[in-house]
Amino acid sequence: MNVRTLLLIAACARVAVAQGVWQLHGADAAVRVVGASTVEMQGPCDVRRELAAGGYKVHFAVHADGKPMSLAFAVGEGDDVHLATARAGVVVAREVPLVGAHWHEAAATDTIRTTGSMTDGDYRLELRVDLAATTTVGLVARWRSADQFYAFVLDGSRQEVRLERRLGSDALVLARADVPTTLAGVHGLALQVQGFRLQASVDEAVVLQVFDGALTQGAFGVVARGDAPQWQRLTVSPPAVAQTSCALVRSRSSATLHAATTVSPGHSHVLELRLDRPHPLVPIDATGQELWLLQRPAAPQVLLADWRGSLGEGSFGEVSRDGAATCQIAWPDLPALRLRVAMVRMLLVTSDGTTIAGATPAVPLRF
């Protein structure tokens, strides 16, 4: 074998290493990956190879059981990424025709169009709309009259989003945030009202969230200023409950598990390795955890993190205030695990250490 052939083989090997694989397993819903590259993956299973190294944010669409929380992490050259959420079907949402006699329109500085029942209290609105760069457009919820409603407004002229409450002639801004990306083109807006919680999203990313109890019921609709945008699709569905999500980032010599959880501050996360092969059915409760039957667990557990951090840095720790948890995974030097695959997840334990409150979805890791 000559030198030229060796150099060619080495170059091909470098290219193969530099091209990481992104895999998705979870619910039957879209996943938007934004960062050095931007793609949309489609559950329940999908694979992509064209994403560059860099920082990423991952935003999950609503599925039948709720909305997985967003993730943020960095990916190096050649790293493989495995995204996971709980398995679930397609969300059941009612599409609202954008024209028809069921709409009530009030035109002033802003044109507000509303529909639906005045007794509806909790719901989630999702709108697809084609925007110009300076368009002002949004969603209206719990509309009682021209002077009583909530609005989620995307203001293209100011490059910001706002949650507003109208009780009287003037709007009170409950929260606002800058929008760093261009607003031209097709975007998805969402406004969810559930009890006192108001949550607004742009392209599946939660951008604003506040608590306000001034209005509890009312119709819903859309709002625009100036020329009407190109409305594409409006749906209404029950509120989406937050769900846990995770991502395993694997390089040639290390792996990191990133999780976004729904537990309250004070919970601990404990790394667990489980068998990936089929095993007898295990009795579980409504949270998916094994029932305590006065005997050792029946689930096929391989290894569990400890205080020494023998499975990696941060493999035993406290969940942050925003529900995020990250841990490194060290390769256990065990002959029985070499060239094997284990399912990796985090157990979420209450602050007193007595109860497993939940777990992240399991992702496969080859040793």
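Residues numbered from 1 in each chain as written. Predicted model: local features only at pLDDT ≥ 70, side-chain atom pairs only at ≥ 80, totals over all residues. Heavy atoms only, no water.

1. Looking at the pairing of strand 14 (residues 148-155)
Rules: Burial classes follow relative accessibility: with a 1.4 Å probe on protein chains only, a residue under 20% of its type's maximum area counts as buried, one over 50% as exposed, and anything between as partly exposed. Helix and strand assignments come from DSSP, with helices taken as H or I runs of at least 4 residues and strands as E runs of at least 2, each series counted from the N terminus. What makes two strands pair is DSSP finding at least two bridges between them.
Counting buried positions over the eight residues of strand 14 gives seven, a clear majority of the element. Two strands pair when backbone bridges link them, and strand 13 (residues 136-145) and strand 14 are joined in this way by seven bridges, in the antiparallel orientation. Paired with Thr-136 across the two strands is Asp-155, which belongs to strand 14. Counted between consecutive antiparallel strands, the loop separating strand 13 from strand 14 contains two residues. Summarising the sheet, strand 14 and strand 15 (residues 160-167) pair through eight bridges and their orientation is antiparallel. Its bridge partner lying in strand 15, Asp-155 is registered against Glu-160. Following strand 14, the chain reverses through four residues before pairing antiparallel with strand 15; Gln-159 in that reversal takes a positive phi of roughly 55°.

2. Some words on the layout of surface pockets
Here is the rule: Whether a set of points on the 1 Å grid over the protein atoms alone is a cavity depends on a 1.4 Å probe fitting there but being unable to get out, while an open set qualifies as a pocket with protein on both sides within 12 Å along at least five of seven lines; lining residues are those with an atom within 4 Å of a point. Grid points are joined across faces, edges and corners, and a volume is the space filled by probe spheres set on the points. Gly falls in the polar group here, along with every residue not listed as nonpolar (Ala, Val, Leu, Ile, Met, Phe, Trp, Tyr, Cys, Pro) or charged (Asp, Glu, Lys, Arg).
In this model, the second largest pocket occupies a volume close to 1300 Å³. Lining the second largest pocket are 47 residues, and of these His-59, Ser-70, Ala-205, Val-206 and Val-207 sit closest to its centre. The element contributing the most residues to the lining of the second largest pocket is strand 19 (residues 205-211), with five residues. Here the residues of the lining of the second largest pocket are counted per class, giving 23 nonpolar, 16 polar and eight charged.

3. Brief notes about the nonpolar core
Stated precisely, the cut-off is as follows: Nonpolar cores were defined as sets of buried Ala, Val, Leu, Ile, Met, Phe, Trp, Tyr and Cys residues, with membership established by side-chain atoms within 4.5 Å. Whether two residues are in contact is decided by their heavy atoms, any of which lying within 4.5 Å being enough.
In terms of nonpolar packing, the biggest core is built from 32 residues, with Leu-139, Phe-152, Leu-163, Leu-189 and Leu-234 touching the most fellow members. No other element matches the five residues that strand 12 (residues 123-131) contributes to this core. Aside from chain neighbours lying at most four places away, what touches Leu-189 is Leu-125, Glu-126, Leu-127, Val-137, Gly-138, Leu-139, Phe-152, Leu-154, Ser-201 and Val-202.

4. Considerations on the sheet that holds strand 11 (residues 110-115)
One key point about sheets: their strands pair by backbone hydrogen bonds, in either a parallel or an antiparallel sense. Let me state the cut-off plainly: Every axis corresponds to a line fitted to the C-alpha atoms, with the helix fit spanning only the stretch in contact, and the corresponding angles, defined between N-to-C directions, vary from 0 to 180 degrees.
Taken together, the seven strands give an open sheet; going across it, the order is 10-11-20-13-14-15-16, and neighbouring strands pair in antiparallel fashion. One side of each edge strand has no neighbouring strand; the edge strands of this open sheet are strand 10 (104-107) and strand 16 (171-178). Strand-to-strand twist in this sheet, taken as the mean axis angle between neighbours without regard to direction, amounts to 20°.

5. A look at the confidence of the model for the protein chain
Basically, it comes down to this: As a per-residue measure, pLDDT reflects the predictor's confidence and takes values from 0 up to 100.
Here the protein chain averages 87 in pLDDT, while 88% of its residues score no lower than 70. Confidence drops under pLDDT 50 across residues 3-17; counting only partners more than four residues distant or on other chains, this segment forms five contacts.

6. Quick word on the sheet that holds strand 18 (residues 197-202)
Pairing within the open sheet is antiparallel, and its six strands lie in the order 9-21-12-17-18-19. With partners counted over all chains shown, the strands left at the sheet margins are strand 9 (94-95) and strand 19, one partner each. By the bridge criterion, two bridges tie strand 9 to strand 21 (residues 230-237) in an arrangement that is antiparallel. When the bridges of strand 21 are listed, Arg-94 appears paired with Val-236.

7. A closer look at the environment of Val-99
Tracing the chain through its elements places Val-99 in the loop between strand 9 and strand 10. Once the C-alpha coordinates of Val-99 and Trp-231 are considered, the two residues, 132 residues apart in sequence, prove to be 10.0 Å apart.

8. A short note on the side chain of Ser-245
Note the cut-off: What qualifies as a polar contact is a pair of N or O atoms within 3.5 Å, subject to a donor-acceptor requirement within protein and to the restriction that residues adjacent in sequence count only when both atoms come from side chains.
Looking at the element boundaries, Ser-245 is found in strand 23 (residues 245-250). The buried category is assigned to Ser-245, whose relative accessible area is 0%. A distance of 2.7 Å separates the side chain of Ser-245 from the backbone oxygen of Met-69, its partner in a polar contact. Once you skip the residues sitting within four places of it in the chain, Ser-245 turns out to touch Phe-60, Pro-68, Met-69, Leu-71, Ala-84, Thr-85, His-258, Ala-259 and Ala-260.

9. A closer look at the pairing of strand 5 (residues 54-60)
Within a regular strand, side chains alternate between the sheet's two faces. Relative to strand 5, strand 2 (residues 30-35) runs antiparallel, the two sharing five bridges. From the neighbouring strand, Gly-35 faces strand 5, where its bridge partner is Tyr-56. Pairing geometry for strand 5 and strand 7 (residues 71-75), over five bridges, is antiparallel. The partner of Gly-55 across the bridge, within strand 7, is Ala-74.

10. With respect to the pattern of salt bridges
Note the threshold: Salt bridges, as used here, are contacts in which a Lys or Arg side-chain nitrogen is within 4 Å of a carboxyl oxygen on Asp or Glu.
Inspection of every chain in the model, using the stated rule, returns 14 salt bridges. A salt bridge links Arg-162 to Glu-160; the nearest nitrogen and oxygen atoms lie 2.7 Å apart. You can call Arg-162 buried: its relative accessible area is 6%. A residue is classified by how much of its surface remains accessible, and Glu-160, at 8% relative accessible area, is buried. Linking Glu-160 and Arg-176 is a salt bridge whose minimum nitrogen-to-oxygen distance equals 3.3 Å. Here Glu-160 is found in strand 15, whereas its partner Arg-176 is found in strand 16, with 16 residues between them in sequence. Each of Asp-155, Glu-160, Arg-162, Glu-164 and Arg-176 takes part in a single network of salt bridges with overlapping partners.

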